[in-house]
Structure formats: C-alpha cells, structure tokens
Amino acid sequence: MNVRRMRTENGTLIFRIPPDQVSSPEAAALLSEAAALLRSGETVVFPTETVYGLGAVASSPEAVRKIFAAKGRPGDNPLIVHIWEPEQLFAVGTRVPDTGAVLARHFWPGPLTLVVPVGPDIVPEVTAGLSTVGVRLPAHPVALALLRQVGLPVAAPSANLSGRPSPTTAEHAVHDLDGRVAAIIDSGPTAVGLESTVLDITLFPPTVLRPGGITREELEDLLGMGIAEQLSAPPGQKPRSPGQKYTHYKPKAQVRMVQGTAEIRLAENPGPGAVAGTRRVAVPDFAPLAQAVWDRCVRERRRSQHPAILATEETLPYYWACGARWESLPPVFTGPLVPAGAGKELEGVWLFNLGSRADLHQIAAHLYTCLRLLDAVDATVAFAEQVPAQGIGAAVMNRLRRACGGLVWDPLAGSESEAGSPGF
Ligand code: TXA
Ligand code: MG
C-alpha cells in the first residue's frame, strides 16, 4: 500500500497513509492538508488503534456540529476529545483526580478514555452540556502525527453513521460517510477493533462506563483496588454515559446469542468424534449444539429467511460438517476453513469466522467486520457464539449483547430469553 490522494465521486478526499510510511514526505504533505482542513472547521476521518474516528476541532461549535450532522448523532451524546501529549489532560479537563495522572502515565497512548471535569476551552457541543469530558490519547502513529499538526484537541466519535457498527477499516467509513465528510485517511485495518474503555474517574471508586481495549483486570492491577462498572442506567435514573441508552451496533438481521457457547473450552488433541479440519477441538462435546444451531438455520431457510452463524475458527468446522458431506472437508488441516473476519455460504447458510477462541483479541478485531458483513450478505437472522467475559472478552460480550438486543437462544432447550443483566 502506497501513499495516495484520491477524491470520491461524492467529493470526499481519500488520503491513503500506511502507518509505516507516516514519516515519508508524501505522507507529511497529505497530513498537513488534512490538518489544514480540520483547522478550517472541516471534518476528517482518521484511524486510531481502536476504530476510525470522525474528527473536528474541539474548540469550534460549528465544526463540532458538523460531526453530529454527518453521523446523524443525537445531540445529547457527548464526544471524546483526542490529545497527543498526556499533559493536555489538565487543559482539556480541570481538577483532574490524582488517579488521572497515574492512569495516563501507564495506559497512554492507548485505548483508555478518562472522564474528568471539563475545562473552559471545550465547547458545550462536545460534552452535550455535561460537566465532564472524555479524554483520550490514541496509540496510532497516523492519529498522533495528525493531532500534532493540527495543534488543537480534536473531538471524535467513531466514524460510523449513528446506530451502525464502528468502522475498523477506511472502507467501512467510506460506506457510511462518503460525501458527508471532507476527508478520510485510510491507514488499513485498526488493531484493537473495539472502542476504548470509558472510565469515569470523577467517581470513587473509578467506574467503567464502557468496557473496551483496556480491561478491568489491567485497571485494577495498576490502581491496586477494585473498580466499579456501570454499563447501563440504574432503574429510574439517567445513564452516566448517554451513549448507553442508544441501540448501537445493530445489524439489520435479528441476532441472537447462543446459550452454552461461552463455556466452550479448547483441547489440544482431537479425540474420538472430533471433526476433521479442526486444529483444536471444542469441548465439552460441541457437536450436538452445532447440529441444533444448524437445524435451526435449515428451518429458517424453509421460512424464506437468510440465516447466518457467527462462529469461531475452532467451532466453524462443526457447522460445516452438518451442512456438507464429510468428504468436502480438507483431509489435512492447512488453515481455517474460512479466514478470520470473513464468511462463506454453505447450503444457504452463511458461516462467519470471528477469529480464534485461543486469542480473544482476534475476535475483538473482527467482530464489527462480521456484523457489517451480515448486512452485506442480506442475512435476516443470525446466531452468534458467545465468549468468556474475561479480559477483552468483556468488551466483546458487551458489544455482542447490544447487537442482539440482549436476546439469548438455547438451542438444546429450544427456548429464548432476554439476558438478565443486559449491560448495554
Ligand atoms: O475508541 C474510541 O473511544 C473511539 C475512537 C475514535 O477514539 N471513539 C468512540 O467515540 O468510540 P464514540 O463517540 O463513538 O463513543 C464515546 C462514548 C459514548 O458512549 C459517549 O456517551 C461516552 O463515550 N462519553 C463521552 N463523553 C462522556 C462523558 N463526559 N461522560 C460519560 N460518557 C461519555
Ligand atoms: Mg460510537
């Protein structure tokens, strides 16, 4: 991938800047053009390590209003302010609690947003009138080079149309925002794939309002204390994080989580009954569950639905074996049947590979791509495997619950329920 400048038919500039070429003279020219657009009050989409952001300078009400217009975002949902030097936390925010400096030193640059009391230079359009502001220093060379060039803090929500999954590639952002923003910087897929952790440090103990790239375990280890979590509004109260009340991340398909899949464990050695093509086997015996999910998909097909399964690298061959003759499986395992972040159709059922259960970061990185692909293949119903809600798995499950509207289906009991504690 080379540095390139293009313009779409709808007038949006595309600046292609591979992260490893950020210091080249060609990239510097494009970055100063993008920075000039931002400084003149325009909107520019840029990569971060989590997802692509839709930026505008945080000190200009007109510029910030363009973000809300481009996304179709409700005006009461505040934006995160992006900085490039940790000390700027004390200018964007004010009366920052002591934990702020400790957390910033340890986790910045990185996927952690600190909610602190808002300082005087941030316009109310950014905070939606709240007395606090979310601040983050992203770990992406192109984002940092851009911010430095702009020389002003930049407000940026995820660069998707409101209600769509956050963009993890520039193509996702082009799909949603072509013609609605001045420019989009394309630096390839983002590493984390889910948004930053939003941590409110004005509360004691510090409280996670959105799980994300930095895990609760990592925060507790550093601070040496338990931290709280408030992922939805307490009954009868307003949510502390307005974004919690919106149904984000929803594809058009009705997605259900599959009961019993968070418990899947992996065994190294395929035992008797293992499906050919699996590198590791899912245990306890996953075959009956896979068969029940597959049978449901076949029933949905007969009802003229377009079913899909969001599976993992290790479990996907089990479904494959239900729909295909055994002979069609590769005799010797040479790699995943379907690459991570992609899908294949088998007997009218779309099978997506979210990534390997052996590394939940992979699943985090591919979740939004797979949710967008559900729309791309016109899926109308989808069944999603769960993962253990530990480490980055907590953020994966939080986004999945939102995509499913909390719906859980138990294939072995044939019953459906809403997750008790939605956390969304
Ligand atoms: O990884 C990320 O955080 C990405 C990249 C672009 O930085 N940004 C992002 O922004 O995800 P957005 O706007 O899509 O999500 C920000 C979330 C929203 O749910 C919003 O309600 C919450 O953070 N938030 C922002 N400011 C807040 C505040 N002062 N208090 C509580 N919640 C806040
Ligand atoms: Mg968002």
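Here the structure is shown first, and the text comes after it.
Reference entry: report on the structure contained in this document.

Thresholds, definitions, all that
- Residues numbered from 1 in each chain as written.
- Chains lettered and ligands numbered in written order.
- Predicted model: local features only at pLDDT ≥ 70, side-chain atom pairs only at ≥ 80, totals over all residues.
- Heavy atoms only, no water.
- Pairing = 2+ DSSP bridges.
- Helix = DSSP H or I, 4+ residues; strand = E, 2+ residues; numbered from the N terminus.
- Buried < 20%, exposed > 50% of the residue type's maximum accessible area, 1.4 Å probe, protein only.

Our next topic: the sheet that holds strand E11 (residues 207–210). Pairing is mixed across the open sheet formed by 12 strands, whose spatial order is E1-E2-E9-E3-E4-E8-E5-E7-E6-E10-E11-E12. Two strands bound the open sheet, and with one partner strand each, they are strand E1 (4–7) and strand E12 (228–229). Looking at chain direction, strand E3 (residues 44–46) and strand E4 (residues 53–57) are connected through three bridges and run antiparallel. Note that in E4 the partner of Val45 across the bridge is Leu54.

Once that is clear, we can look at the pairing of strand E10 (residues 197–200). With burial as the criterion, each face of E10 is covered, one bearing Thr197 and Leu199 and the other bearing Val198 and Asp200. In this structure, strand E6 (residues 112–117) lies alongside E10, joined through four bridges in parallel fashion. Following the sheet pairing, Val115 is matched in E10 by Asp200. Alignment of E10 against E11, held across three bridges, turns out to be antiparallel. Bridging from a neighbouring strand, Leu199 pairs with Val208 of E11. Between E10 and E11, which follow one another and run antiparallel, lie six residues.

Moving on, we come to unusual backbone geometry. Omega for the bond connecting Trp108 with Pro109 falls within 30 degrees of zero, at -10°, which places this linkage in the cis form. Note that Pro109 resides in the loop between helix H4 (98–107) and E6. Residue Phe204 is joined to Pro205 through a cis peptide bond whose omega torsion reads -5°. Its location among the elements puts Pro205 in the loop between E10 and E11. The phi dihedral of Ala128 falls on the positive side, at around 50°, and the residue is not glycine. Taking relative accessible area as the criterion, Ala128 reaches 26% and is therefore assigned partly exposed.

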